[in-house]
Amino acid sequence: MPPTPLLSRKELDTQLGGAARAWLDEALAEAAHAAAHPDTAPADSYAVPPWELRYAAAGRHCGLEHADSVRGLLIVEAGAGLPTVTRLYEQGTAAERRAVLLTLPALDLGPTALPLVEDALRTNDTTLVAAAVGPYAAAHLDPHNWRHAVLKCLFTGVPVEAVDQLARRSRGDAELARMLGDFATERIAAGRPVPAGLHRVLALTAPGPAAPTAPTASTEES
């Protein structure tokens, strides 16, 4: 399924226990301090800013189910720019990378963070792929790479519902329709079922009421 939407601070407060809320208060204060003093670096050039240590520890202190939301709040509160989010992504675990991807729409980075999305789409980690095809990709991926992102979801089993703005960007896209047809043909030739999501996307590519149909073959259950 698509990633769970990130929770706001107010929503988190209703779900976290007292100790977790206190930890989050301290973490956000450290992030805010970093945002207010961007030129202040740790004395040791190799030291990690305190809020980034909190970023890594979010799951342990606030629960794995809330880690994405906590990490997203920290990134925003710290006013993290491209170098910081790139470092968090490149040096992070899969969970930490997912949080970066989910937070990109909340940052004023324009298309500069697309390399992170493109890296995630090269993996076969379905949690990263699903996070990579959210609102940021919908806003900034060019048509060629966006079409391949849709195909990546079908190939890896990520539900097409994870693709933000799927209907809008698919509408009337003859090239996407061609790629979907080729993908379906290859699956059939290999004796493999055609993902049910492919038919849904293919229908969306029609410019009007009439929608093309994929080659007939066995279809996976949705």
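If you're wondering where the values come from, they're calculated on a predicted model, not measured in any experiment.

A. Summary view of the overall build of the chain. For the chain, the count of helices and strands is 13 helices and zero strands. Along its sequence from the N terminus, the chain presents helices and strands in the succession α-α-α-α-α-α-α-α-α-α-α-α-α. The buried share among the 222 residues of the chain stands at 43%.

B. Region of the structure containing the packing of helix α3 (residues 50–62) against helix α5 (residues 82–91). Between α3 and α5, the shortest axis-to-axis distance is 12 Å and the interhelical angle comes to 40°. Viewed along their axes, α3 and α5 adopt a mutual orientation that is oblique. Once α3 is placed against α5, the crossing between them reads as right-handed. Residues Trp51, Glu52 and Tyr55 of α3 form the contact with α5, whose participating residues are Thr84, Arg87 and Leu88. Of the residues that constitute the contact of α3 with α5, the class distribution is three nonpolar, one polar and two charged.

C. Structural detail: the packing of aromatic side chains. With the rule as written, the count across this model stands at zero aromatic pairs. One Lys or Arg, arginine 71, reaches over the ring of tyrosine 55 and ends 5.6 Å from the middle of that ring. Positioned above the aromatic ring of tyrosine 89, the side-chain terminus of arginine 97 is 4.7 Å from the ring centre.

D. Here's a closer look at the nonpolar core. Formed by 64 residues in total, the largest nonpolar core has its most connected members in Trp51, Ile75, Val100, Leu101, Leu104 and Val117. In contact with leucine 104, other than residues within four places in its own chain, are Leu109, Ala113, Val117 and Tyr136.

E. Highlighting helix α6 (residues 94–103). The buried count for α6 comes to seven of ten residues, which makes it a mostly enclosed element. Along α6, the residues that are buried comprise Glu96, Arg98, Ala99, Val100, Leu101, Leu102 and Thr103. Elements that come into contact with the buried residues of α6 comprise α3, α4 (67–77), α5, α7 (114–121) and α8 (126–132).

F. Structural detail: unusual backbone geometry. The phi angle at glutamine 165 is positive, at roughly 60°, despite the residue not being glycine. We classify glutamine 165 as partly exposed; its relative accessible area is 36%.

Rules behind the numbers
Residues numbered from 1 in each chain as written. Predicted model: local features only at pLDDT ≥ 70, side-chain atom pairs only at ≥ 80, totals over all residues. Heavy atoms only, no water. Helix = DSSP H or I, 4+ residues; strand = E, 2+ residues; numbered from the N terminus. Buried < 20%, exposed > 50% of the residue type's maximum accessible area, 1.4 Å probe, protein only. Axes fitted to C-alpha atoms, helices over the stretch in contact; angles between N-to-C directions. Parallel < 35°, antiparallel > 145°, perpendicular 65-115°, else oblique. Left-handed = near helix turned anticlockwise from the far one by under 90°. Contact = heavy atoms within 4.5 Å. Nonpolar A, V, L, I, M, F, W, Y, C, P; charged D, E, K, R; others polar. Phe/Tyr/Trp six-rings, centres within 6.5 Å; stacked < 30°, edge-to-face > 60°. Lys NZ or Arg CZ within 6 Å of the ring centre and 35° of its normal. Core = buried A, V, L, I, M, F, W, Y, C linked by side-chain atoms within 4.5 Å.

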